[in-house]
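# Chains, contacts and geometry: an overview
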Amino acid sequence: TAITVGLWFAIAIPFAPLLSEIPPLASGPILCIVGALMQKHINEIEWGDVEEALPAFATLVLIPYTYNIAYGIIGGTFFWIIMQILLMPVR
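As the structure is a prediction and not an experimental result, all values here were calculated from the model. Per chain, the residues get numbers from 1 upward, laid out in the order the sequence is written. Local features in a predicted model are, by the rule used here, given only for residues with pLDDT of at least 70; side-chain atom pairs are given and counted only at 80 or more, and totals for whole chains, interfaces and linings are based on all residues. By convention in this description, side-chain values take in all heavy atoms of the structure and omit both hydrogens and water.

What follows deals with the overall build of the protein chain. Each helix is a run of H or I in the DSSP string that is no shorter than four residues. Each strand is a run of E no shorter than two, and both are numbered from the N terminus. Scanning the protein chain from N- to C-terminus turns up 5 helices and 0 strands. Along the protein chain, helices (α) and strands (β) appear in the sequence α-α-α-α-α when read from the amino end. The globule rule used for comparison is 2.2 Å times the number of residues to the exponent 0.38, while the radius of gyration itself is calculated over C-alpha atoms. A globule of 91 residues ought to have a C-alpha radius of gyration of about 12 Å, yet the protein chain, at 19 Å, is considerably larger. Taking the principal axes of the C-alpha coordinates as reference, the protein chain spans close to 55 × 30 × 20 Å.

Right, dumping it as structure tokens:
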């Protein structure tokens, strides 16, 4: 599969200058639609389970505040790791 993805990226290289001409303002509505589609899955989080709910909430809050999906995921992952370390003596 990596070779296939590499080939598709190689095919896409000539189109990069064309796509770079699209202004960032034009991608805003699409990002709003993608965000709304992602919100449908929030119902599947077990909000009664603190070990699952707090890292998920931290991720959901950090994504818009940092303007970066990766930073939100990293923050939620670190929050989960810290919770696991702090809960070790209790278990």
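Back to the text.
Let us now look at the layout of surface pockets. Within this scheme a cavity is a closed region of a 1 Å grid, computed over the protein atoms alone, that accommodates a 1.4 Å probe without allowing it to escape, whereas a pocket is open but has protein on both sides within 12 Å along at least five of seven lines; lining residues each have an atom within 4 Å of a point. Grid points are joined across faces, edges and corners, and a volume is the space filled by probe spheres set on the points. In this structure, the largest pocket occupies an estimated 480 Å³ of space. Around the largest pocket, the lining comprises 17 residues; the ones closest to its centre are Gly 35, Met 38, Gln 39, Ile 63 and Ile 69. Counting residues per element, the ones that place at least two in the lining of the largest pocket are α3 (24-39), α4 (50-66) and α5 (69-87). Among the residues making up the lining of the largest pocket, the classes are represented as 12 nonpolar, 5 polar and no charged. Ten residue types, Ala, Val, Leu, Ile, Met, Phe, Trp, Tyr, Cys and Pro, are classed as nonpolar, four, Asp, Glu, Lys and Arg, as charged, and the remainder, Gly among them, as polar.

pLDDT is defined as a per-residue confidence score from the predictor, taking values between 0 and 100. Residues at a pLDDT of 70 or more form 100% of the protein chain, whose mean pLDDT is 89. Summarising per-element confidence for the protein chain, the mean pLDDT is lowest in α3 (81) and highest in helix α1 (residues 2-12) (94).

A few words on a nonpolar patch on the surface. Residues forming no salt bridge and having over 30% relative accessible area are the ones grouped into patches, like charges within 9 Å of each other and nonpolar side chains (Val, Leu, Ile, Met, Phe, Trp, Tyr) within 5 Å. Computed with the Shrake-Rupley method and a 1.4 Å probe, the accessible areas treat only the protein chains shown as cover for residues. Here a salt bridge means any side-chain nitrogen of Lys or Arg lying within 4 Å of a carboxyl oxygen belonging to Asp or Glu. Where nonpolar side chains cluster on the molecular surface, the patch consists of Tyr 71, Ile 74, Phe 78, Trp 80, Ile 81, Ile 82, Ile 85, Leu 86 and Met 88 and spans about 970 Å² of accessible area. Note on placement: Leu 86 falls in helix α5.

Glancing now at unusual backbone geometry. Phi angles above zero are rare outside glycine, and Tyr 67 is one such case at about 55 degrees. When you line up the elements, Tyr 67 lands in the loop between α4 and α5.

By secondary structure assignment, the location of Gln 84 is in helix α5. Contact definition: two residues touch when any of their heavy atoms are within 4.5 Å. Filtering out sequence-adjacent residues up to four positions away, Gln 84 remains in contact with Glu 51 and Arg 91.

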